Amino acid sequence: MKSIVILISGRGSNMEAIVRAAIPGARIAAVISNRPGAGGLEFARAHGIATMVVDHTAHSDRAAFDAALGAAIDMHEPDLVVLAGFMRVLTDGFVRRYEGRLLNIHPSLLPSFPGLHTHRRALDSGVKVHGATVHFVTAELDDGPIVIQAVVPVQAGDDEAALAARVLAQEHRIFPQAVRWFVDGRLQLEDGRVVLSDAVAQHGMALVVPAPDAGAGA
Ligand code: NHR
Ligand code: GAR
């Protein structure tokens, strides 16, 4: 049985998708939030999952917060730590401590649009495709080795909310998939590269872009 700790900051719909996936061989040991009011805590409690809050505002600097967060995580001795809408940049020391067992979902097709406000930036830039990326976390923000990506079209008339919702639906597919691979022992970080032990999985992409004229009417 592999033990997983999930870090959230808000709504927690990605955490929920991982919990609902009921991955064989995986146990969600705890959900930890840096915000006391995070909506996702309620879902976790209702599902009998241990919850903890490590409030970043109660710590004097990032190193102190990360030390407290690390202590909370280590109480559960997890095999995997998952950032699911976790909104605090982590220090090098923290990242090193969990190297090879720390996954993040980022709401863009990395390396495009690292950082915040990805949907607004995608719309502003005029890209025709957008999406989400699951990656191993490294010290440099949103720069770690990529595990799986999902692509969605940007449609005429999209606003931030519409685009975010289309991306989020795909996040809920690819994040549980990545966690499943990890739990099955098929996903590893080796010398800074992602290794998937299966040829099909090696493809690492869930393509949902429609054909150019799809929906245009025949
Ligand atoms: N930490 C490291 N070292 N490396 C990564 O790749 C990380 C990370 C911490 C979080 C998630 C990331 C995302 O997917 C993530 C990846 C927060 C910010 C941010 O600027 C940026 C990227 C991500 C998460 N946070 C502000 C901060 O000052 C606070 C913003 C807020 O609270 O709303 O930490 O997008
Ligand atoms: C998700 O879209 C996730 O990719 C993104 O925030 C949302 C969280 O939703 N993450 C980041 O922007 C990290 N900086 P959720 O709380 O419902 O999973």
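Here we summarise the structure given alongside this text. Computed from a predicted structure; not experimentally measured.

**Structural notes on the site of ligand 1**
Line of reasoning, step 1. Looking at ligand 1, there are 21 residues lining it, with Arg35, Arg62, Asn104, Thr138 and Asp142 nearest.
Line of reasoning, step 2. Thr138 is positioned with one of its backbone polar atoms (N or O) 2.8 Å from a nitrogen atom of ligand 1.
Line of reasoning, step 3. The backbone of Ala139 places a nitrogen or oxygen atom 3.1 Å from a nitrogen atom of ligand 1.
Line of reasoning, step 4. In the complex, 84% of the free accessible area of ligand 1, which totals 720 Å², lies under the protein chains.
Line of reasoning, step 5. Here the shell around ligand 1 gets three residues from one element, more than from any other, and that element is strand β5 (residues 102-106).
Line of reasoning, step 6. When its residues are assigned to classes, the shell around ligand 1 shows 11 nonpolar, five polar and five charged.

**Section: unusual backbone geometry**
Line of reasoning, step 1. The linkage connecting Leu110 with the following residue, Pro111, adopts the cis geometry, with an omega of 10 degrees.
Line of reasoning, step 2. As for its placement among the helices and strands, Pro111 is situated in the loop between β5 and α5 (118-125).
Line of reasoning, step 3. Here the phi dihedral of Phe113 falls at roughly 55 degrees; this positive angle occurs in a residue that is not glycine.
Line of reasoning, step 4. One can find Phe113 in the loop between β5 and α5.
Line of reasoning, step 5. Given a relative accessible area of 15%, Phe113 falls into the buried group.

**Regarding the packing of aromatic side chains**
Line of reasoning, step 1. Considering all chains together, one arrives at one aromatic pair under this definition.
Line of reasoning, step 2. Note on Phe94 and Tyr98: the rings are 4.8 Å apart at their centroids and 50 degrees apart in plane angle, and the pair reads as tilted. The pair formed by Phe94 and Tyr98 is uniform in burial state, with each residue classed as buried.

**Some thoughts on the nonpolar core**
Line of reasoning, step 1. Ranked by size, the top nonpolar core spans 40 residues in total, and within it Ile6, Val31, Val82, Val134, Val147, Phe175 and Val179 carry the most contacts.
Line of reasoning, step 2. Here this core takes nine residues from helix α6 (residues 160-183), the largest share from any one element.
Line of reasoning, step 3. Dropping the residues within four chain positions of it, Phe175 is found in contact with Asn14, Ile18, Val82, Leu83, Ala84, Leu103, Asn104, Ile105 and Val134.
Line of reasoning, step 4. Membership of the second largest hydrophobic core comes to 19 residues, among which are Ala72, Phe86, Phe94 and Val137.

**A closer look at the environment of Ala50**
Line of reasoning, step 1. One can find Ala50 in strand β3 (residues 50-53).
Line of reasoning, step 2. The exposure class of Ala50 is partly exposed, given its relative accessible area of 37%.
Line of reasoning, step 3. Sequence spacing of Ala50 and Val31 is 19 residues, and the spatial spacing of their C-alpha atoms is 6.4 Å.
Line of reasoning, step 4. The residues contacting Ala50, other than those within four sequence positions of it, are Ala29, Ala30, Val31 and His76.

Reading the values: the criteria
- Residues numbered from 1 in each chain as written.
- Chains lettered and ligands numbered in written order.
- Predicted model: local features only at pLDDT ≥ 70, side-chain atom pairs only at ≥ 80, totals over all residues.
- Heavy atoms only, no water.
- Near = heavy atom within 4 Å.
- Polar contact = N/O pair within 3.5 Å; in protein donor to acceptor, adjacent residues only side chain to side chain.
- Areas by Shrake-Rupley, 256 points an atom, 1.4 Å probe, with all protein chains shown as cover.
- Helix = DSSP H or I, 4+ residues; strand = E, 2+ residues; numbered from the N terminus.
- Nonpolar A, V, L, I, M, F, W, Y, C, P; charged D, E, K, R; others polar.
- Buried < 20%, exposed > 50% of the residue type's maximum accessible area, 1.4 Å probe, protein only.
- Phe/Tyr/Trp six-rings, centres within 6.5 Å; stacked < 30°, edge-to-face > 60°.
- Core = buried A, V, L, I, M, F, W, Y, C linked by side-chain atoms within 4.5 Å.
- Contact = heavy atoms within 4.5 Å.

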